[in-house]
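# Summary of the model geometry
Residues per chain are reported as follows:
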Amino acid sequence: RGGKPRPQVVALCHNVLPHERKTYDAPLMRLLLRRVDRTLVHSTEQAAVARSLAPDGRGEPDAARLCVAELPPHLPARRTAADRMAEPYGRLLFFGVVRPYKGLDVLLHALAAGPPGVSLTVAGEFWSDLEETRRLIDSLGLADRVDLRPGYVPAAEIPGLFAKVDAMVLPYRAATASQNVWMAHEHGVPVISTRAGALADHVRDGVDGLLCEPGDVGSLTDALKRFYADGEPARLRDGVRPVDAEPYWAAYIRTLLG
């Protein structure tokens, strides 16, 4: 009314469909794609999922307005020189919500088969069965090497978690995009990650972290052994650089407004 143009409605879809899907997820998402003017996703993989749900059956969401922009960093305060670590701690970190697709069980098997004496801290809320994880830890003989810290991690406690670990491990079976690589690098910590989704885009293999194959215990075990070769933790830590968020945000806003 009054000659004013109708504002566009844009759907920002990090995961077009949930990792653990229900029968109603795809029909509901198809309805959403039909009702919005544009859809923005965070990876080409998710763009393909959106196209598969095209309500008009032509291989594109309705009106063919689908765009892709990398998820920009939204990070805590950067570390200071006082936060730099000694070499090495013999401890790894799994951080964030624990869900089956994130592959904690794969990491536990790799830890059991990997370098002896290396420990693991698991910090985050469990969506899956915590007791099942405890049983797996016991069956693998890791009770004295795994520190479980279930529950939400307040922001004030995050620097302390990163301050005394050699690397963050992302053993994901599947992924879209994640802030965790950037978060680790902001705290001066290298990353051992699978190549799932867009995770590998931000790890320079052999420079500031190591890459391995998703869902593959042997590949992750090999990565842990390579990481703990003499001098490697310090060398990879020296390769870590702070994240410059501004170019990512500029590109995101251009795509969103385009």
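All chains use their own residue numbering, which begins from 1 and follows the written sequence. Selection of residues for local features in this predicted model requires a pLDDT of at least 70, selection of side-chain atom pairs for listing and counting requires 80 or more, and totals for whole chains, interfaces and linings are taken over all residues. Side-chain descriptors were evaluated using all non-hydrogen atoms of the structure, hydrogens and water having been removed beforehand.

## Thoughts on the environment of Pro 150
Numbering of helices and strands runs from the N terminus; a helix is a DSSP stretch of H or I covering at least four residues, while a strand is a stretch of E covering at least two. Looking at where Pro 150 falls in the secondary structure, it is placed in strand S6 (residues 146–150). With 25 residues separating them along the chain, Pro 150 and Glu 125 place their C-alpha atoms 5.3 Å apart. Contact definition: two residues touch when any of their heavy atoms are within 4.5 Å. Not counting the four nearest positions on each side in its chain, Pro 150 is found in contact with Gly 124, Phe 126 and Leu 130.

## Quick look at the layout of surface pockets
Here the term cavity refers to a set of points on a 1 Å grid, laid over the protein atoms alone, in which a 1.4 Å probe fits but cannot get out; the term pocket refers to an open set having protein on both sides within 12 Å along at least five of seven lines, with lining residues being those that place an atom within 4 Å of a point. Grid points are joined across faces, edges and corners, and a volume is the space filled by probe spheres set on the points. Volume-wise, the largest pocket comes out at about 420 Å³. Taken together, the residues of the lining of the largest pocket break down into 8 nonpolar, 9 polar and 2 charged. Nonpolar residues are Ala, Val, Leu, Ile, Met, Phe, Trp, Tyr, Cys and Pro. Charged residues are Asp, Glu, Lys and Arg, and all others, Gly as well, are polar.

## A closer look at the packing of aromatic side chains
Centre distance within 6.5 Å is the pairing criterion for rings of Phe, Tyr and Trp, where only the six-membered ring of Trp is used; planes under 30 degrees apart are then read as stacked, over 60 as edge-to-face, and the remainder as tilted. Tallied over the full model, the rule gives 5 aromatic pairs. Their ring planes at 55° and their centres at 5.9 Å tell us that Phe 95 and Phe 162 sit as a pair that is tilted. Of this pair, Phe 95 sits in strand S4 (residues 91–95) while Phe 162 sits in helix H5 (residues 158–163); the two residues are 67 residues apart in sequence, bridging distant segments of the chain. Each of the two residues, Phe 95 as well as Phe 162, counts as buried. Between Tyr 101 and Tyr 172, the ring centres sit 5.9 Å apart and the planes meet at 90°, which makes this aromatic pair edge-to-face. Residue Tyr 101 is found in the loop between S4 and helix H3 (104–113), and its partner Tyr 172 is found in the loop between strand S7 (167–170) and helix H6 (180–186); the two are separated by 71 residues along the sequence. Here Tyr 101 and Tyr 172 have matching classes, each one buried. Each residue's exposure class comes from its accessible area (1.4 Å probe, protein chains only) as a fraction of the maximum for that residue type: buried when under 20%, exposed when over 50%, partly exposed otherwise.

## Focus on the pairing of S6
Taken together, the 5 bridges between strand S5 (residues 119–124) and S6 define a ladder with parallel strand orientation. Its bridge partner lying in S6, Val 122 is registered against Leu 148. The handedness of the S5 to S6 crossover, carried by helix H4 (residues 130–139), is right-handed. Two strands are counted as paired when DSSP detects at least two bridges linking them. Consider the strands pointing away from the viewer: the crossover is right-handed when the path from the first strand over the helix to the second runs clockwise.

## Considerations on the side chain of Arg 99
Along the chain, Arg 99 falls in the loop between S4 and H3. Using a relative accessible area of 15% as the deciding quantity, one classes Arg 99 as buried.

## A few points about the sheet that holds strand S1 (residues 10–13)
In space, the 3 strands of this open sheet follow the order S1-S2-S3, with parallel pairing throughout. The strands lining the two open edges of the sheet, one partner per strand, are S1 and strand S3 (66–68). Here the strands of the sheet are splayed against their neighbours by 20° on average, with no regard to which way each runs. As judged from the 3 bridges shared by strand S2 (residues 38–41) and S3, these two strands associate in the parallel manner. Considered in S3, the bridge of Val 41 is made with Val 68. Along the sheet, helix H9 (residues 246–257) contacts S1, S2 and S3; its crossing angle with S2, the most-contacted strand, is approximately 160°. For every element, the axis is a line fit to its C-alpha atoms; helices are fit only across the contacting stretch, and the angle between N-to-C directions ranges from 0 to 180 degrees.

## Some details on the pattern of salt bridges
By definition here, a salt bridge exists when the distance from a side-chain nitrogen of Lys or Arg to a carboxyl oxygen of Asp or Glu is within 4 Å. Tallied over the full model, the rule gives 8 salt bridges. We note a salt bridge from Asp 222 to Arg 226, for which the minimum N-O separation is 3.0 Å. Of this pair, Asp 222 and Arg 226 both sit in helix H7 (residues 217–227), 4 residues apart, which is roughly one turn of the helix. With a relative accessible area of 39%, Asp 222 lands in the partly exposed category. Relative accessible area serves as the criterion here: at 32%, Arg 226 is assigned to the partly exposed category. Several salt bridges converge on common partners, so that one network encompasses Arg 195, Asp 205 and Glu 213.

## What about the environment of Glu 45?
The residue Glu 45 is located in helix H2 (residues 44–52) in this model. Glu 45 gets classed as partly exposed once you look at its relative accessible area, which sits at 42%. Those residues in contact with Glu 45, other than ones at most four positions away along the chain, are Ala 175, Thr 176 and Gly 197.

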